[in-house]
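Spelled out, the chains give:
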Amino acid sequence: MTRLERRAARLAAPLDAQRPPVNALLLRVAGEEYAAPLAQLLEILPANLTALPRTAPHVAGLQVVRGELLGVLRADVLLTGRAHPPPRPGRVLVTAAGAGTCGLLVDDATDLVWVDDQLQPAPFHSPGVSGLTAAGLAVLDLHRLLHALPAPWRPAP
């Protein structure tokens, strides 16, 4: 059997039933666990922020990513409406925002998980939560979360 035939056979084999594919990132924000769809993420970076003076509470600062400035918002403030002590060191989730990109500061990104498409409605109002899994894990919609900001703070289209 050639190398290409072995690779084709491996790719054609059924997925291991014990390990479903992953489609979400498990993360922690203000002590709570959330799942963020991988389809909405461009990358995950260690936080290395420069704070901006006199900004709104939900603005974490700026981070240099490959020579470009990335605006970073605080996920805890966007989700809860309250500023918690900033996470240290934290992670920055980079997501598409209109024509550009935006970062969301979270406490930590811990694992990759499978989230079923059948979500229950969230019992609380949060513009960035698309629903709850059967286990009660809140699933984020990062694009909706960013577009729920007041107009002056919304990422440019």
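Residues numbered from 1 in each chain as written. Predicted model: local features only at pLDDT ≥ 70, side-chain atom pairs only at ≥ 80, totals over all residues. Heavy atoms only, no water.

**Student:** Honestly, the sheet that holds strand S9 (residues 129-132) in this entry has me stumped. Any pointers?
**Tutor:** Strands in a sheet are paired, the pairing made by backbone hydrogen bonds, and the direction either parallel or antiparallel. Strand order in the open sheet made by the five strands is S8-S1-S2-S10-S9, with mixed pairing throughout. Each edge of the open sheet carries a strand with a single partner, namely strand S8 (108-113) and S9. Averaged over neighbouring strand pairs, the angle between their axes works out to 35° when direction is ignored. With five bridges joining them, strand S1 (residues 24-29) and S8 adopt antiparallel strand pairing. Bridge assignment links Leu-26 to a residue of S8, and that residue is Asp-111. (Pairing = 2+ DSSP bridges. Helix = DSSP H or I, 4+ residues; strand = E, 2+ residues; numbered from the N terminus. Axes fitted to C-alpha atoms, helices over the stretch in contact; angles between N-to-C directions.)

**Student:** Looking at this structure, how should I read a nonpolar patch on the surface?
**Tutor:** On the surface, Val-22, Leu-38 and Leu-112 cluster together to form a nonpolar patch covering roughly 220 Å² of accessible area. Among the secondary structure elements, Leu-38 is positioned in the loop between strand S2 (32-37) and strand S3 (41-46). Judged by its relative accessible area of 30%, Leu-38 is partly exposed. (Patch = residues over 30% accessible without salt bridge, like charges linked within 9 Å, V, L, I, M, F, W, Y side chains within 5 Å. Areas by Shrake-Rupley, 256 points an atom, 1.4 Å probe, with all protein chains shown as cover. Salt bridge = Lys/Arg side-chain N within 4 Å of Asp/Glu carboxyl O. Buried < 20%, exposed > 50% of the residue type's maximum accessible area, 1.4 Å probe, protein only.)

**Student:** Explain the sheet that holds strand S5 (residues 68-74) to me, please; I cannot follow it from the model alone.
**Tutor:** A sheet is described by the order of its strands in space; here five strands give the open sequence S3-S6-S7-S5-S4, paired in mixed fashion. Among the strands making up the open sheet, the edge pair consists of S3 and strand S4 (59-65). Strand-to-strand twist across the sheet, computed as the mean angle between neighbouring axes with direction ignored, equals 30°. Pairing analysis gives three bridges linking S5 to strand S7 (residues 100-106), with the strands arranged parallel. By the bridge assignment for S7, Val-72 is matched with Gly-103.

**Student:** Before we go on, may I ask you to explain the pairing of S1 in this structure?
**Tutor:** Residues in a regular strand project their side chains so that they alternate between the two faces of the sheet. Among the six residues in S1, five count as buried, and that is most of the element. With antiparallel pairing between neighbouring strands as the criterion, S1 and S2 make up a hairpin whose turn holds two residues, including Ala-30 at a positive phi of roughly 50°.

**Student:** What exactly am I supposed to notice about the environment of Leu-38 here?
**Tutor:** A sequence separation of 57 residues divides Leu-38 from Thr-95, and the C-alpha atoms of the two residues are 9.8 Å apart. If near-sequence neighbours (up to four positions away) are discounted, Leu-38 is found in contact with Val-22, Asn-23, Ala-24, Leu-25 and Leu-112. (Contact = heavy atoms within 4.5 Å.)

**Student:** Just to check I follow, could you spell out the confidence of the model for the protein chain for this structure?
**Tutor:** Close inspection of predicted coordinates is inappropriate in any region flagged by low pLDDT. In the predicted model, the protein chain carries a mean pLDDT of 82, and the fraction of residues at 70 or more is 89%. Of all secondary-structure elements in the protein chain, the lowest mean pLDDT belongs to helix H1 (residues 3-12), at 77, while S3 reaches the highest, 94. (pLDDT = per-residue confidence, 0-100.)

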